[in-house]
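# Reading the structure
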Amino acid sequence: MCHHVDLLIFFVPIPLAILLTTRVGTAGKYQNQNGATSCKKCTAGKYQDSNLQTKCKDCGKGKYENSQGSSACKDCGSGTYQDTLGNSGCKSCAKGTYQNNNGQSNCKACHRGNYQNQVGKSSCKACASGKAEPETGSSSCSQNCKCGYFCPTASVSNTAEVCGEGYYCPAGTASRLA
C-alpha cells in the first residue's frame, strides 16, 4: 500500500496553482516516479525499512533477502557467509573452513590439528588419534604419526609425542604400546 500525498506547488511569477499527485512507498516498497498509482516492491537482495522512500537499500555483507517487498534482510546462518552487497542468498563455507556465527562476511580456516571435509559447516573436526595436520584450513588430516612417536587427538605434528623407552609405537599410533 502507498501513502497518497497531495503537493500544492505555486510557480512564480504566474500565480497558477498546479496540483501534483504522487505516491510514495511504505516499508518494503518504494516509488521513484511522480503520479504513479502504486508502489514498487523492493527486489530480492534489497529492502526498505522506512516509509516515503524513492529507492531500496542493498542488503549488507553477511545478510541476504530472498523475497520481494521486504522491510529487513536476514542474517546468513552458521556454515554460510555473504561477502558482497545486495544478495538474495548466502554462500556455503568451503571445505577446510567453518563459520559458527550468524551474519558473517567470511568463513574461518580450521585450526592446525583440525579439518573439515564438507561444505557449509559450523565447526571443524579434530584429527583422529594417530593422525596429524600441521596446516590451517585443511580438508583432511594429511599425516600419519611416524614410527617411534604417538599422536593423540588433534595433533599438529606427526612427531607429536616421543614413544619413550620401554614402549613400542608403530606408524599411525594413537598411544604408547607396552
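Above: the structure in question.
This section reports on the structure supplied with the text. (Residues numbered from 1 in each chain as written. Predicted model: local features only at pLDDT ≥ 70, side-chain atom pairs only at ≥ 80, totals over all residues. Heavy atoms only, no water.)

Okay, the overall build of the protein next. If you tally the helices and strands in the protein, you get zero helices and 18 strands. Counting every position in the protein, which comprises 178 residues, the buried fraction comes to 28%. Partitioning the intrachain contacts of the protein with sequence separation of at least 6 by distance along the chain shows that 31% fall at a separation of at least 24. If you sum the accessible surface of the protein, you get close to 10300 Å²; carbon and sulfur atoms cover 49% of it. (Helix = DSSP H or I, 4+ residues; strand = E, 2+ residues; numbered from the N terminus. Buried < 20%, exposed > 50% of the residue type's maximum accessible area, 1.4 Å probe, protein only. Contact = heavy atoms within 4.5 Å. Areas by Shrake-Rupley, 256 points an atom, 1.4 Å probe, with all protein chains shown as cover.)

A separate point is the state of the cysteines. Tallied over the entire structure, the rule returns eight disulfides. A disulfide bridge connects Cys42 with Cys56, and the sulfur atoms are separated by 2.0 Å. Between Cys42 and Cys56, the disulfide has an S-S torsion of -85 degrees and is therefore left-handed. Here Cys42, found in the loop between strand E4 (40-41) and strand E5 (46-47), pairs with Cys56, found in the loop between E5 and strand E6 (57-58); they are 14 residues apart in sequence, far enough to count as distant. On the accessibility criterion, Cys56 (15% relative accessible area) is buried. Unpaired in terms of disulfides, Cys147 finds its nearest cysteine sulfur in Cys169, a separation of 8.1 Å. (Disulfide = S-S within 2.5 Å.)

Along the chain, the position of Thr173 falls in the segment after strand E18 (161-162). A distance of 2.2 Å separates the side chain of Thr173 from the backbone oxygen of Pro170, its partner in a polar contact. Excluding anything up to four places from it in sequence, Thr173 contacts Gly130, Cys145, Tyr149, Phe150 and Cys151. (Polar contact = N/O pair within 3.5 Å; in protein donor to acceptor, adjacent residues only side chain to side chain.)

Turning to the pattern of salt bridges, a few remarks are in order. Here the structure, examined in full by the defined rule, presents five salt bridges. Of the charged contacts in the structure, one is a salt bridge between Lys46 and Asp58, with a shortest N-O distance of 2.4 Å. Taken together, the positions of Lys46 in strand E5 and Asp58 in strand E6 put the pair 12 residues apart, joining distant regions of the chain. Here Asp75 and Lys63 are joined by a salt bridge, their closest N and O atoms 2.5 Å apart. Of this pair, Asp75 sits in strand E8 (residues 74-75) while Lys63 is found in strand E7 (residues 63-64), placing the two residues 12 residues apart along the sequence. (Salt bridge = Lys/Arg side-chain N within 4 Å of Asp/Glu carboxyl O.)

Evaluation of the coordinates by the stated rule reveals zero aromatic pairs. Here Arg176 stacks its cationic end above the ring of Tyr167, 5.5 Å away from the centre of that ring. (Phe/Tyr/Trp six-rings, centres within 6.5 Å; stacked < 30°, edge-to-face > 60°. Lys NZ or Arg CZ within 6 Å of the ring centre and 35° of its normal.)

When you line up the elements, Ser155 lands in the loop between strand E17 (149-150) and E18. Discounting residues that sit within four places of it in the chain, Ser155 has contacts with Gly113, Lys131, Ala132, Glu133 and Ala160.

This paragraph deals with the environment of Tyr98. Note on placement: Tyr98 falls in strand E11 (residues 97-98). Between the C-alpha atom of Tyr98 and that of Tyr81, which follows or precedes it by 17 residues, the distance is 9.6 Å. Look past the residues within four positions of Tyr98 in its chain and what remains in contact with it is Cys93, Cys107, Lys108, Ala109, Cys110, His111, Lys121, Ser122, Ser123 and Cys124.

The phi dihedral of Leu52 falls on the positive side, at around 60 degrees, and the residue is not glycine. Turning to its location among the elements, Leu52 is positioned in the loop between E5 and E6. Overall, Leu52 belongs to the partly exposed group, its relative accessible area being 48%. Here the phi dihedral of Ala154 falls at roughly 65 degrees; this positive angle occurs in a residue that is not glycine. Locating Ala154 in the fold gives a position in the loop between E17 and E18.

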